Protein chains: 6
Amino acid sequence: MSLPRMSLPYLLVEQAVKAGLLEDIGRAGDITSDSVVPEWQRATCVLASREAGVVAGLDFARAAFALIDPDIHFNVLIPDASRVAPGDNIAMIEGPARGILTAERVALNFLGPLSGIASATRGIADAIAHTEARITCTRKTTPGLRFAQKYAVRCGGGGNHRFGLDDAILIKDNHIAIAGGIIPALRAAKRAAGHLVKIEIEVETLVQLQEALAEGVDALLLDNMDLANLREAVRMISGRSIAEASGRITPETAPGIAETGVNLLSAGWLTHSAKVLDIGLDFES
Amino acid sequence: MSLPRMSLPYLLVEQAVKAGLLEDIGRAGDITSDSVVPEWQRATCVLASREAGVVAGLDFARAAFALIDPDIHFNVLIPDASRVAPGDNIAMIEGPARGILTAERVALNFLGPLSGIASATRGIADAIAHTEARITCTRKTTPGLRFAQKYAVRCGGGGNHRFGLDDAILIKDNHIAIAGGIIPALRAAKRAAGHLVKIEIEVETLVQLQEALAEGVDALLLDNMDLANLREAVRMISGRSIAEASGRITPETAPGIAETGVNLLSAGWLTHSAKVLDIGLDFES
Amino acid sequence: MSLPRMSLPYLLVEQAVKAGLLEDIGRAGDITSDSVVPEWQRATCVLASREAGVVAGLDFARAAFALIDPDIHFNVLIPDASRVAPGDNIAMIEGPARGILTAERVALNFLGPLSGIASATRGIADAIAHTEARITCTRKTTPGLRFAQKYAVRCGGGGNHRFGLDDAILIKDNHIAIAGGIIPALRAAKRAAGHLVKIEIEVETLVQLQEALAEGVDALLLDNMDLANLREAVRMISGRSIAEASGRITPETAPGIAETGVNLLSAGWLTHSAKVLDIGLDFES
Amino acid sequence: MSLPRMSLPYLLVEQAVKAGLLEDIGRAGDITSDSVVPEWQRATCVLASREAGVVAGLDFARAAFALIDPDIHFNVLIPDASRVAPGDNIAMIEGPARGILTAERVALNFLGPLSGIASATRGIADAIAHTEARITCTRKTTPGLRFAQKYAVRCGGGGNHRFGLDDAILIKDNHIAIAGGIIPALRAAKRAAGHLVKIEIEVETLVQLQEALAEGVDALLLDNMDLANLREAVRMISGRSIAEASGRITPETAPGIAETGVNLLSAGWLTHSAKVLDIGLDFES
Amino acid sequence: MSLPRMSLPYLLVEQAVKAGLLEDIGRAGDITSDSVVPEWQRATCVLASREAGVVAGLDFARAAFALIDPDIHFNVLIPDASRVAPGDNIAMIEGPARGILTAERVALNFLGPLSGIASATRGIADAIAHTEARITCTRKTTPGLRFAQKYAVRCGGGGNHRFGLDDAILIKDNHIAIAGGIIPALRAAKRAAGHLVKIEIEVETLVQLQEALAEGVDALLLDNMDLANLREAVRMISGRSIAEASGRITPETAPGIAETGVNLLSAGWLTHSAKVLDIGLDFES
Amino acid sequence: MSLPRMSLPYLLVEQAVKAGLLEDIGRAGDITSDSVVPEWQRATCVLASREAGVVAGLDFARAAFALIDPDIHFNVLIPDASRVAPGDNIAMIEGPARGILTAERVALNFLGPLSGIASATRGIADAIAHTEARITCTRKTTPGLRFAQKYAVRCGGGGNHRFGLDDAILIKDNHIAIAGGIIPALRAAKRAAGHLVKIEIEVETLVQLQEALAEGVDALLLDNMDLANLREAVRMISGRSIAEASGRITPETAPGIAETGVNLLSAGWLTHSAKVLDIGLDFES
């Protein structure tokens, strides 16, 4: 796709990185580097990937160095959303050695986990590339870092689900139980929803699906259905609504699920359990 | 041990949970529950574990519900640092259904990952329980949530490494290179360190270790040494300093490393890559 | 409608009211009341409307008094979203006189303008009640208080448009010009949009409308069209998309516009230029 | 007057604008511009007034663009406090189109309402220019934006009343009632006031005025008096104190009130109900 | 005086105490008390003064304990603004021992220095009690704690000068030099000042004083004048303006200066160099 | 010593200075300078010391000017940690006169007290320079400014004690009493402490000291012992632990105490009662 769409507002990046740096420097700063490294010492380093994956979060890394010392230069070699191979240099950093050492861990604490999310997303995206389905994340994110993790999912080729409780209506099993069924739940939601608010509802059976389709809804969350049921659900929906499969999506199960014809697979583990991508900071001798 | 030592300052918990809630409610709040759930509806639910592990983070979960609606009651059934089996009920929650549904995801976004860290830590702690070694975390934590993740490590039976750049001196390879060697680095650190600040240095070879021991240091980070070298290092240190092994510590490798006689194993993946513990909120019908 | 849907998260209310109080008490507090009013003095007062309108914002007023002195009791007599007549008592307040006097202005600075927005919204909502159309606000709101003003619009019987730049796509004239036309703009938006994100596009002519309909879109912003064009636009849309009329919507023009069959009227002045509702605090003698 | 006196501390402007931007970009940023506008696209635009009035708030607009993208250039053509005619270009903006579109609404949400306040103030200031009286605002301002609105009043040729509860003593009717009359209230205030704190008292009758004058006070708030009483009050005061008329000041009533000889007219509606000045952002083709 | 006037807004107290507690508990909390003190242990203690002085800041101390643990009871025995003798018990505290120990230092870090300021102020106030003069503080305060320190001065019987740059005009020597003299400086200030803003000017010679009196001004800061000049200045002012003596005011010099007939003595050292009052927390056995 | 070790993280400086500036400019800014000083006026000034001492805090002063107006140039002539004589120029400042006047007081409110702490520290450091002992501060600091005050102590040649409750264990008399003695207290602390956390214990008698030494501990706080006991304590400790003397340390008592052979003297008054260093801002004519 030719249009850029990975934007990440700097105001959000700056807020998150400042919090991370303040947490790390505490009340006394980097007492190791201040003790051991002369103030005049400069250094050149590279951010290098130790394994294959997809990069995400370079703006966070750049901000970590710049907020500690604006004299540190940060040059991106492989931009966010790109694939890296083991040993690839992602960015080059030059400046006062103290500041580089002080900011290093916070920079990596953003870059590694976000690249891990991007890499995990890309893994599933690739596994279902032969289908029409797309992988998407959930609201199972780290408190305070949702915007960053959802950005990392986009870098990995995934889509984003709701950003919060307020930007779409998602009616789940407990809502349905309290509302007294799918029909009353959907009707209440439609009465309350603004004209730019979409409504999705979770269904666990084909009977529930039938009810929801009869009432009409923007999207259907097909929760923990087996492949046969998913196929039948897709047939019943027949394009009238978005079909999202959720529950135990893994790189292994994803292709089979995607081949049922659903539009979306959503997986919480992309953001809460993806393994960090091993990226290190290497000083040049 | 009889004394409690899992304390978690409420001021820190409140700050983190408020940030998480504000992120999730956005500018319009929980439009699903507000639309579908009557204001007068109350509910009783349980936080139930879907798998075996160790609980950590109940104060965060309690705060999430209380900050959304102080009328929600939260009763702990299985306290932090306890083991749970699949199906165990961890806490009982009773109150207005809307508030419970609104706070649910944020509560779980703290409780699941923190319990995941505690469980992973407990896994290694159990695996090395026949030795004198202890498992400890690193500074490879989620920005903004280090205090919480380090608390989770303690819940799992692990110890904590530095909380930040300012509470101990840890001289790493790049510091040594810039300082011109182990001796000048250690001497500079000693000149600058306050009397309550410990000094640790990373060594990769036995020659480096010899130098550090000759100069004297509180702790030694034995980085990526093989088992033979670790055993020899422990012999050389002979109790004069704390011996910490780091590098690729996993549940599989931990017992062998611990049996070399080191005092500590440190593992970054406890905090950056531990799998979430699957905990759900079940509404009672 | 029987279900409540006016929810206003307390965390947001508290934040806004604290900021307002801190701004007003400055560094020395209420030096007038502290000088003139004995500490032991209690008072009973009523919040009374001086004119007809709709109430909105009582949670803000309650919080203002409670945050200054938790010993102040605040009893609502006429809840938010209700109509009031001149002289109606909206709430009764009892407690330490100093605290009541200190919080009074901040309480009224929320309650008056928010009730003004609700009243203005209700005025248009009533004027178009014989049609299918609904009145809605825009993003032309006071910085920092959007959530409050949008809530006030709901209290007045209106609907809410986007809460921010991030919860729906709204393609305006400048976007279209840069994208090179309606078709490329819509296609780019569709490629980028999440599955729960709706897309609306602004059109100024029936030719543009034709293009947008051909491409397909969730909602159409019919900008500054005259009544004849609006009627023709509604005919062309024929229910395939939401039709929103905007531009110079006033209580006088609204009925005619609503009668063209559009679904929505959007008016920026509801939030940026509505007259405050005159509410005062009367001390009982 | 030759000396500049419109200063607006940048620290306050930055705080308010950041809050406004964060509210608008939410958790995902400007998804419309990010989807539709290429990253490399630049644009040139003008802020143009659609109607006659007085400009106020350009520092807020400049900050909105700069905080989104420091590469956006903002050149003022008609500075704050100047009159504009319909069609006048107030500022020229050049830079990346995405950033301009993202910041546009927040910039206008400051600039329009603040210019509206300046314009309303100027309207009354002009209407009473043939007298010695000056128009001034009150504390009936938008929570969080008082400093900005008071600045806008100054831009319109008005004066500022108290900025908060702490910078002067203003004894109102309820204070007087609790204190047991004008004399005890004034004496209590004088005992407590610092030497740089002025005291003003509200009087509703000439008898009250007589009492206050006998006791001595810096300023008198003549509340809701008719023209005859105001004239008599001015005669009684005879320059010994500042005479401020308040209550239902409008452009229509202001000249008559000002002609009674009072020094000040104070009007809450300048800040809580002034109509926004219609300013738009026009992209150059 | 019978009316209370020592008010201290709780919102300001809470903000300052939270910042102090967060600074002290850092990222891991009170690891000493958590390790050594059982969770169930309760304690009773007294805040006791080790020396004679005046108490100020009990609201800060109460908040420190309450914010760490709301179960801690804090009973004031000797309220703010009271004199204490060595050994006097100021407050009794009962509750969980851990929380008391955790909050102790922050509570004392407010209470001791603020009581020190109150005591120093009282020392001078007593020394000049036979004159009409009053002691007052300046803006030479600890950044972030001005409101607290000014409150302590009031507790010691002193008055407050400006709270900031924005609540009164104080024209100093450098302003006069830039403005081109006392007359142009005063005229510029009068043109710009709001009607509730007082103007004070600093003069160093009787010639400058003559100029300022001719132009008229609310208060005169007589800077570093000797006693003869102060007496002559008071004679020249003759009640037309407030006379404030500043420069090297100490308990020793204050009586002589006050006897010249000035209205005010202002002393920066009250807030920047007063010795802490030695207050300790004694656990009852 | 050749290595620099006075580092002060700019993120902490900026936060503290912003808070100080916002407190001082309030809601209306510097109304004196804005009224009296033309916008175009520039000025050149020097920060000059009026007395002998040690400078500390120039980064705070620089930030105060830069945050008010980035066009103000600040050139350090005598850096932090240097001695100054009366009349010495510490820094030269050039830029818009308004901004310089606005920031002056906040700059001095950091620079004067911090230099006062550095000077007081240097006074004791010099008085004990003939011994092996070092002077150190405590946690008796101004809430919110601990990092700054501890930095000033380092500038004066002193060392730092704990930065908070969380970076070392310090067992005091009340902890010992609750734990049931020195042995159980030390054992509980050792069980809980991380491997980089040092443990210090307060002892008041030689018997207590004996117990602590037998159990083993990193440092011993010898509280209020007389010189004979201190000498005996040092003999008993014999280098096995750090010996810290505390209680009534003054420039007069310090040499005698230091000569007993203790390693450290700790004094709370360095940070809570040191006299400000008199530094002024002189405008060049």
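Residues numbered from 1 in each chain as written. Chains lettered and ligands numbered in written order. Predicted model: local features only at pLDDT ≥ 70, side-chain atom pairs only at ≥ 80, totals over all residues. Heavy atoms only, no water.

K.L.:
For this particular structure, what's the right way to read the overall build of chain A?
P.N.:
The helix and strand inventory of chain A stands at eleven helices and twelve strands. Seen through its principal axes, chain A has C-alpha atoms that stretch 70 × 35 × 30 Å. When burial is assessed residue by residue, chain A has 65% of its 285 residues classed as buried. In chain A, the proportion of contacts linking residues at least 24 apart, taken out of those at least 6 apart, comes to 69%. Of the roughly 9600 Å² of accessible surface on chain A, 51% is carried by carbon and sulfur atoms. For chain A, the distance from the average position of its 27 positive side-chain charges to the average position of its 34 negative side-chain charges is 6 Å. (Helix = DSSP H or I, 4+ residues; strand = E, 2+ residues; numbered from the N terminus. Buried < 20%, exposed > 50% of the residue type's maximum accessible area, 1.4 Å probe, protein only. Contact = heavy atoms within 4.5 Å. Areas by Shrake-Rupley, 256 points an atom, 1.4 Å probe, with all protein chains shown as cover. Lys, Arg positive; Asp, Glu negative; His and termini not counted. Charge placed at Lys NZ, Arg CZ, Asp CG, Glu CD.)

K.L.:
Looking at this structure, how should I read unusual backbone geometry?
P.N.:
Among all residues save glycine, negative phi is the norm, and among peptide bonds the norm is trans. In this model, Ser-238 of chain C sits at a positive phi of 50 degrees, which is unusual for a non-glycine residue. With respect to the secondary-structure elements, Ser-238 of chain C resides in the loop between helix H9 (227–237) and strand E10 (242–246).

K.L.:
Where do I start with the relation of the copies chain C and chain F in this structure?
P.N.:
For the match of chain C to chain F, the screw axis carries a shift of 0.0 Å, the RMSD comes to 0.0 Å, and the turn is 180 degrees. Taken together, the rotation angle and the small translation identify this as a two-fold axis. No C-alpha of chain C approaches the rotation axis more nearly than that of Gly-26 of chain C, which lies at 3.7 Å. In this assembly the copies share their binding face: 100% of the residues contributing to the interface of chain C also contribute to that of chain F. (Least-squares fit on C-alpha atoms with pLDDT ≥ 70 in both.)

K.L.:
Looking at this structure, how should I read the pattern of salt bridges?
P.N.:
When their charged atoms lie close together, side chains carrying opposite charge are able to pair. Applying the stated rule across the entire model yields 96 salt bridges over all chains. As a salt-bridge pair, Asp-71 of chain B and Arg-42 of chain B come within 3.1 Å of each other at their nearest N and O atoms. With Asp-71 of chain B in the loop between helix H3 (58–68) and strand E3 (73–76) and Arg-42 of chain B in strand E1 (residues 42–49), the pair connects residues that are 29 residues apart, well separated along the chain. A single network of salt bridges, built from pairs that share partners, joins Asp-24 of chain A together with Arg-139 and Arg-146 of chain B. (Salt bridge = Lys/Arg side-chain N within 4 Å of Asp/Glu carboxyl O.)

K.L.:
Looking at this structure, how should I read the sheet that holds strand E8 (residues 199–203) of chain E?
P.N.:
Through backbone hydrogen bonds, the strands of a sheet pair up, either in parallel or in antiparallel fashion. Residue and element names in this part refer to chain E. Within the open sheet, the six strands sit side by side as E6-E11-E10-E9-E8-E7. Their pairing is parallel. Where the open sheet ends on each side, the last strands, each with one partner, are strand E6 (134–136) and strand E7 (169–171). Taken pair by pair, the neighbouring strands of this sheet meet at an average axis angle of 25 degrees, ignoring direction. With three bridges connecting them, E7 and E8 associate as parallel partners. (Pairing = 2+ DSSP bridges. Axes fitted to C-alpha atoms, helices over the stretch in contact; angles between N-to-C directions.)

K.L.:
Got a minute to help me understand the packing of helix H1 (residues 10–25) of chain D against helix H3 (residues 58–68) of chain D in this structure?
P.N.:
A packed helix pair is summarised by two numbers, namely the angle formed by the two axes and the spacing between the axes. Residues and elements named next belong to chain D. Running from N to C, H1 and H3 cross one another at 60 degrees; their axes reach a closest spacing of 9 Å. Here H1 lies oblique to H3, going by the angle between them. The hand of the H1/H3 crossing is right-handed. Listed contacts from H3 to Tyr-10, Val-13, Glu-14, Ala-16, Val-17, Lys-18 and Leu-21 of H1 are Asp-59, Phe-60, Ala-63, Ala-64, Leu-67 and Ile-68. A class-by-class count of the residues in the contact of H1 with H3 yields ten nonpolar, no polar and three charged. (Parallel < 35°, antiparallel > 145°, perpendicular 65-115°, else oblique. Left-handed = near helix turned anticlockwise from the far one by under 90°. Nonpolar A, V, L, I, M, F, W, Y, C, P; charged D, E, K, R; others polar.)

K.L.:
Where do I start with the confidence of the model for chain A in this structure?
P.N.:
Low pLDDT marks regions whose predicted coordinates should not be analysed in detail. On average, chain A scores 95 in pLDDT, and the residues at 70 or more come to 98%. Reported confidence for the predicted complex is 0.96 by ipTM and 0.96 by pTM. (pLDDT = per-residue confidence, 0-100.)

K.L.:
Help me understand the relation of the copies chain A and chain B, please; the structure alone is not making it clear to me.
P.N.:
Each copy of the sequence occupies a distinct position, and chain A is placed on chain B by a rotation of 180 degrees and an axial shift of 0.0 Å, giving an RMSD of 0.0 Å. A symmetric contact is evident, with 100% of the interface residues of chain A recurring at the interface of chain B.

K.L.:
I keep staring at the domain arrangement of chain A and nothing clicks. Help me out?
P.N.:
Interfaces are often described in size by the accessible area the parts lose on coming together. Residue and element names in this part refer to chain A. Here chain A is described as being made up of domain 1 (10–119 + 275–283) and domain 2 (126–272). Computed over C-alpha atoms only, the centres of domain 1 and domain 2 are separated by 35 Å. The junction of domain 1 with domain 2 conceals about 980 Å² of combined surface from both sides, 72% of it contributed by carbon and sulfur atoms. Linking domain 1 with domain 2 are one salt bridge, by the criterion used here. For Arg-83, the salt bridge identified is with Asp-126, shortest N-O distance 2.9 Å. Across the contact surface, domain 1 and domain 2 share two residue pairs in polar contact (both at pLDDT 80 or more). By residue number, the principal contributor to the side of domain 1 that touches domain 2 is helix H4 (residues 97–127), which donates four residues. Looking at the side of domain 1 that touches domain 2 residue by residue, the classes come out as twelve nonpolar, one polar and two charged. (Domains from an automatic or database assignment. Buried area = accessible area lost by both parts, 1.4 Å probe. Polar contact = N/O pair within 3.5 Å; in protein donor to acceptor, adjacent residues only side chain to side chain.)

K.L.:
Explain the interface of chain C and chain F here, please?
P.N.:
Between chain C and chain F, the residue contacts involve five residues of the former and five residues of the latter. Both faces combined, the contact of chain C with chain F buries some 290 Å², and carbon together with sulfur accounts for 38% of it. Among the residues of chain C in contact with chain F, Glu-23, Gly-26 and Arg-27 of chain C are the three that bury the most area, contributing 95% of the side total. Taken together, chain C and chain F are joined by zero salt bridges. Here chain C and chain F share two residue pairs in polar contact (both at pLDDT 80 or more) between them. Along the lines of polarity and charge, the residues of the side of chain C that touches chain F split into one nonpolar, one polar and three charged.

K.L.:
Would you mind going over the interface of chain A and chain B with me for this structure?
P.N.:
Counting residues at the interface gives 60 residues for chain A and 60 residues for chain B. Both sides together, the interface formed by chain A and chain B hides about 4700 Å², and carbon and sulfur atoms give 59% of it. Run the count over chain A and chain B and you get six salt bridges. Note that Asp-278 of chain B is salt-bridged to Arg-248 of chain A, the shortest N-O span being 3.4 Å. At the boundary of chain A and chain B, one finds 32 residue pairs in polar contact (both at pLDDT 80 or more). Put simply, the parts of the chain that give the side of chain A that touches chain B at least two residues each are helix H1 (10–25), helix H2 (31–36), H4, helix H5 (146–155), strand E7 (169–171), helix H6 (173–179), helix H7 (182–192) and strand E12 (279–283) of chain A. Among the elements that make up the side of chain A that touches chain B, the one with the highest residue count is H4 of chain A (six residues). Class assignment of the residues belonging to the side of chain A that touches chain B gives a composition of 29 nonpolar, 17 polar and 14 charged.

K.L.:
It is not clear to me how the packing of aromatic side chains should be interpreted in this structure. Could you clarify?
P.N.:
Given two aromatic rings, their pairing is described by the distance between the two centres and the angle made by the two planes. Per the counting criterion, the structure on display carries 18 aromatic pairs over all chains. Each ring, one from Phe-60 of chain A and one from Phe-147 of chain A, has its centre 5.9 Å from the other, and the planes form 40 degrees; the classification is tilted. Taken together, the positions of Phe-60 of chain A in helix H3 (residues 58–68) and Phe-147 of chain A in helix H5 put the pair 87 residues apart, joining distant regions of the chain. Note on accessibility: Phe-60 of chain A and Phe-147 of chain A belong to one class, buried. Over the ring of Phe-163 of chain C we find Lys-150 of chain C; its NZ or CZ atom is 5.2 Å from the centre of that ring. (Phe/Tyr/Trp six-rings, centres within 6.5 Å; stacked < 30°, edge-to-face > 60°. Lys NZ or Arg CZ within 6 Å of the ring centre and 35° of its normal.)

K.L.:
What is the right way to read the pairing of strand E10 (residues 242–246) of chain A from this model?
P.N.:
The two faces of a sheet get side chains in turn, since along a regular strand they alternate between them. All names here are of chain A. Counting buried positions over the five residues of E10 gives four, a clear majority of the element. Note that strand E9 (residues 219–223) and E10 share five bridges and pair parallel. Bridge assignment links Asp-223 to a residue of E10, and that residue is Ser-246. Pairing geometry for E10 and strand E11 (residues 264–266), over three bridges, is parallel. For Ala-245, the partnering residue across the bridge sits in E11 and is Leu-265.

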